[in-house]
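Observations on the three-dimensional arrangement
The lines below spell out each chain.
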Amino acid sequence: MNYIWGGMIVIGIIYGAFTGRMQEITDAALTSSKEAVTLCITMVGVMSLWVGIMEIASEAGLIKSLSKKIRPFVHFMFPEIPKDHKANEHITTNFIANFLGLGWAATPAGLKAMEELGELNHHKPVASKSMCTFLILNISSLQLIPVNIIAYRSQYGSTNPTSIVGAAIVATCVSTLTGIVFAKIMGNGKRSKT
């Protein structure tokens, strides 16, 4: 990926030099850098707000309550994980954070879940069925509130940044259902071959 991005930058600079547009490239680089910093500052504010809300929800017991409610789904998707294993807690926390659109809060729980799943897999170099299933569900992530997209739309002057919520719910429902079906089909296929 680094080679692709590096190649695109070099080609752009060479093209600008040959077409006499170096000033435009320089201006675009400076403008983009300024926008990137502004966007990062905006995202830090949004992230701080939602990670704080996640912490409050955790301290209030809301996360634990929601975790208990989605445990049957987690057991359905990961039947090979023992019921009292620590991985279940991290998986449910990750799912809840993703559902609330808190990708940043979901990441630490996702890393911990993968670590626990790796221990269950005896640290083999090949990912287990549970690890693959978790990765699929984490990527597809059903979201109730697409916090990142709302922040981006707000940053770039949208008059109604939350108008994307309905479409985002539909899109993530479809992606998550597709991920569940795919994980179950692939899991059953692997089981039948062994």
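Residues numbered from 1 in each chain as written. Predicted model: local features only at pLDDT ≥ 70, side-chain atom pairs only at ≥ 80, totals over all residues. Heavy atoms only, no water.

In the nomenclature of an unreviewed UniProt entry, the protein corresponds to Spore maturation protein A from the organism Robinsoniella peoriensis.

**Topic: the overall build of the protein**
Under the convention used in this document: Strands are runs of DSSP state E lasting at least two residues, helices are runs of H or I lasting at least four, and both sets are numbered from the N terminus onward. This radius of gyration counts C-alpha atoms alone. The globule rule is 2.2 Å times how many residues there are, raised to the power 0.38. Using a 1.4 Å probe on the protein chains alone, a residue whose accessible area is under 20% of its type maximum counts as buried, one over 50% counts as exposed, and one in between counts as partly exposed. The criterion used for residue contact is that any of the two residues' heavy atoms lie within 4.5 Å. The Shrake-Rupley method, run with a 1.4 Å probe sphere, supplies the accessible areas, and residue values consider only the shown protein chains as cover.
A tally of helices and strands in the protein yields eight helices and zero strands. Secondary structure elements in the protein, listed N-terminal to C-terminal, are α-α-α-α-α-α-α-α. In terms of overall size, the protein is more extended than a compact globule, its C-alpha atoms giving a radius of gyration of 21 Å where 194 residues would be expected to give roughly 16 Å. Overall, the protein is about 65 × 45 × 30 Å in size when its C-alpha atoms are taken along their principal axes. The burial tally for the protein puts 28% of its 194 residues in the buried class. Within the protein, contacts between residues at least 6 apart in sequence are counted, and of these 63% link residues at least 24 apart. A total of about 12500 Å² of accessible surface is found on the protein, and carbon and sulfur atoms cover 69% of it.

**Section: the environment of alanine 183**
Mapping alanine 183 onto the fold places it in helix α8 (residues 165-193). Once the C-alpha coordinates of alanine 183 and phenylalanine 134 are considered, the two residues, 49 residues apart in sequence, prove to be 9.0 Å apart. Those residues in contact with alanine 183, other than ones at most four positions away along the chain, are Met77, Thr133 and Ile136.

**Overview of the UniProt feature "transmembrane region" (unreviewed entry) in the protein**
As a reminder, the rule being used: UniProt positions are given in the numbering used here, feature names are shortened, and annotations may be inferred rather than shown by experiment.
Under the local residue numbering, the UniProt record ascribes the feature "transmembrane region" (unreviewed entry) to residues 36-57, 132-152 and 164-183. The straight-line gap between the two end C-alpha atoms of residues 132-152 is 30 Å; of that span, 71% is helix and 0% is strand. Span residues 164-183 is 95% helix and 0% strand, its end C-alpha atoms 28 Å apart.

**Focus on the domain arrangement of the protein**
Where we set the bar: Domain start and stop points were drawn from an automatic or database domain assignment. A simple way to read buried area is as the amount of 1.4 Å-probe accessible surface that goes missing from two parts once joined, with both sides added. Every case where a carboxyl oxygen of Asp or Glu lies within 4 Å of a side-chain nitrogen of Lys or Arg is listed as a salt bridge. The definition of a polar contact used here is a pair of N or O atoms within 3.5 Å, where within protein one atom must be able to donate a hydrogen and the other to accept one, and adjacent residues in sequence count solely through side-chain atom pairs.
Partitioning the protein into structural domains gives domain 1 (1-58) and domain 2 (60-193). In this complex, domain 1 contributes 13 residues to the contact, which on the side of domain 2 involves 18 residues. With both sides pooled, the region where domain 1 packs onto domain 2 buries about 1400 Å², and carbon together with sulfur makes up 79% of that total. On the domain 1 side of the interface with domain 2, the three residues burying the most area are Met43, Trp50 and Met54, jointly 42% of the side's total. Counting the contacts that link domain 1 with domain 2 gives zero salt bridges. Joining domain 1 to domain 2, the criterion identifies one residue pair in polar contact (both at pLDDT 80 or more).

**With respect to the UniProt feature "domain: Nucleoside transporter/FeoB GTPase Gate" (unreviewed entry) in the protein**
Following the UniProt record, the feature "domain: Nucleoside transporter/FeoB GTPase Gate" (unreviewed entry) maps to residues 41-150 here. Helix and strand shares over residues 41-150 are 75% and 0% respectively, and the end C-alpha atoms of the span are 15 Å apart.

**Describing a nonpolar patch on the surface**
The test is simple: Candidates for patches are residues over 30% relative accessible area with no salt bridge; among them, like charges are joined within 9 Å and nonpolar side chains (Val, Leu, Ile, Met, Phe, Trp, Tyr) within 5 Å.
Taken together, Met1, Ile4, Trp5 and Met8 make up a surface patch of nonpolar side chains, about 500 Å² in accessible area. Structurally, isoleucine 4 can be placed in helix α1 (residues 2-19). Overall, isoleucine 4 belongs to the exposed group, its relative accessible area being 51%.

**Here we look at helix α7 (residues 147-155)**
Cut-off, in case you're wondering: It is the directions from the helix axis to the C-beta atoms whose arc is reported.
Turning to α7, its buried residues number three or more, namely Val147, Ile150 and Ala151. Relative to the axis of α7, the buried residues are bounded by an arc of 100 degrees and lie together on one face. Glycine 157 occupies a position one or two residues after α7 and carries a positive phi of about 85 degrees.

**Description of unusual backbone geometry**
You will see that histidine 122, though not glycine, has its phi angle at about 60 degrees, which is positive. Judged by relative accessible area, which is 61%, histidine 122 ranks as exposed. Phi at serine 141 is positive, roughly 20 degrees, even though this residue is not glycine. You can see serine 141 is positioned in the loop between α6 (129-140) and α7.

**Some details on the packing of aromatic side chains**
As a reminder of what qualifies: Stacked, tilted and edge-to-face are the three classes assigned to paired rings of Phe, Tyr and Trp, where Trp is represented by its six-membered ring and a pair needs centres within 6.5 Å; plane angles under 30 degrees give stacked, over 60 edge-to-face, the rest tilted. Any Lys NZ or Arg CZ that is within 6 Å of a ring centre and within 35 degrees of that ring's normal is treated as a charge sitting over the ring.
Using the criterion set out here, one finds two aromatic pairs in the structure. A centroid spacing of 6.2 Å and a plane angle of 55 degrees characterise the contact between phenylalanine 73 and phenylalanine 95, whose relative ring orientation is tilted. Highlighted residues: phenylalanine 73 in helix α3 (residues 62-77) and phenylalanine 95 in helix α4 (residues 86-99), separated in sequence by 22 residues. Phenylalanine 73 gets classed as partly exposed once you look at its relative accessible area, which sits at 30%. Cation over ring: lysine 184 sits above phenylalanine 76, and NZ or CZ is 4.3 Å from the ring centre.

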